[in-house]
Amino acid sequence: MLIRALIVLLLVINLGVALWWGLRPVPPAPSLPAPPPGVATLQLVTESKSAPGNIAAPMVPAKPEISQCASFGPFSTAPSLEQARVALEPLVLQSRARREYSGTPRNWKVFLPPFDSMEQTEAAAERVAAAGFKDYFVVRDGDDARSLALGLYGNEASANERLAALSAAGFEAEVAPVGAGPATHWLDVGAAAGFDIDAARDRAGTERAETIDCDRLAPAATADAR
């Protein structure tokens, strides 16, 4: 009987200790001493992520907008215009080459400009045929050698319709008058505020530079937008 009483007493004592341990108050966490003045405190990575408002958003520079436009020319050849375009490229936001003719055209032609080789011209002809265009001709001789003729029309409106259909199919065709005399080349540019037209004219090496309406920079049939 004495042993059984001792066992019961030990069980009661153990239960009492377990109950006391479970109901005891949790001691407060020890506070860290304040750092000396001028010394930064350490911060956990998780703490920095939980406070995004403390991180400043990166500054995105505003994209410059075209506010003034000008035309430079005339250039007698396309290569001389291209040299001027390269010279002005750091100063402008957009450029477009265009051609002007002194005479009255008899017809209007649609074409792909000359390629570097006849093989490339023939490959372009195959792509045009595969796209469903049947009226084309590979030019093998003359000033337009290695180009691809895509139609001859009696008026500019019909030529532009043909151009639009080819452009929609992904071909960079052009329209040019026939019988209007030699072409002069002009370079139209759009630039941000502060663009110095006179300094740009000297840089391009051309005789004339004039302010134009920026609506003229819209793509045109006889223009090469850059």
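You'll find the structure just up there.
Remember, predicted model here, so these are calculated numbers, not experimental data. (Residues numbered from 1 in each chain as written. Predicted model: local features only at pLDDT ≥ 70, side-chain atom pairs only at ≥ 80, totals over all residues. Heavy atoms only, no water.)

(A) Molecular detail of the sheet that holds strand β6 (residues 174-178). Taken in spatial order, the 4 strands make up an open sheet running β4-β5-β3-β6, and their pairing is antiparallel. Of all strands in the sheet, those with a lone pairing partner are β4 (137-138) and β6, marking the two edges. Along the sheet, helix α4 (residues 118-130) makes contact with β3 (107-112), β4 and β5 (148-153), crossing β5 at roughly 55 degrees. (Pairing = 2+ DSSP bridges. Helix = DSSP H or I, 4+ residues; strand = E, 2+ residues; numbered from the N terminus. Contact = heavy atoms within 4.5 Å. Axes fitted to C-alpha atoms, helices over the stretch in contact; angles between N-to-C directions.)

(B) Layout of the pairing of strand β1 (residues 68-75). In terms of residue burial, β1 counts as a mostly covered element, since 6 of its 8 residues are buried. Bridge count for β1 against strand β7 (residues 183-191) is 6 bridges, and the pairing is antiparallel. Directly across from Ser71, in β7, lies its bridge partner Asp188. Bridge analysis of β1 against strand β8 (residues 208-212) gives 5 bridges, and the strand direction is antiparallel. Note that in β8 the partner of Phe72 across the bridge is Ala209. (Buried < 20%, exposed > 50% of the residue type's maximum accessible area, 1.4 Å probe, protein only.)

(C) Looking closely at helix α5 (residues 156-168). The first and last C-alpha atoms of α5 sit 18 Å apart over 13 residues, in line with the 18 Å expected at 1.5 Å per residue. Residues Ala159, Arg162, Leu163 and Leu166 constitute the buried set of α5. Burial along α5 is one-sided: seen end-on, the buried residues are contained in an arc of 100 degrees. Exposed residues lying more than 90 degrees from the buried face of α5 are Ala157, Glu161 and Ala168. Those residues of α5 hidden inside the fold are in contact with β3, β5 and β6. The first or second residue beyond α5 is Gly170, which carries a positive phi of 95 degrees. (Expected span 1.5 Å × (residues − 1). Arc of directions from axis to C-beta.)

(D) The arrangement of the nonpolar core in detail. Counting residues in each nonpolar core, the largest one holds 18 residues, and the members touching the most others are Val110, Leu112, Val128, Leu148, Leu150, Leu166 and Ala173. Elements with a contribution of two residues or more to this core: β3, α4, β5 and α5. Looking at which element gives the most residues to this core, the answer is α4, with 4 residues. Excluding its chain neighbours within four sequence positions, the residues that come into contact with Leu166 are Val110, Phe133, Leu150, Phe171 and Ala173. Formed by 15 residues, the second largest nonpolar core is a distinct cluster that contains Ala70, Ala191, Ile197 and Ala204. (Core = buried A, V, L, I, M, F, W, Y, C linked by side-chain atoms within 4.5 Å.)

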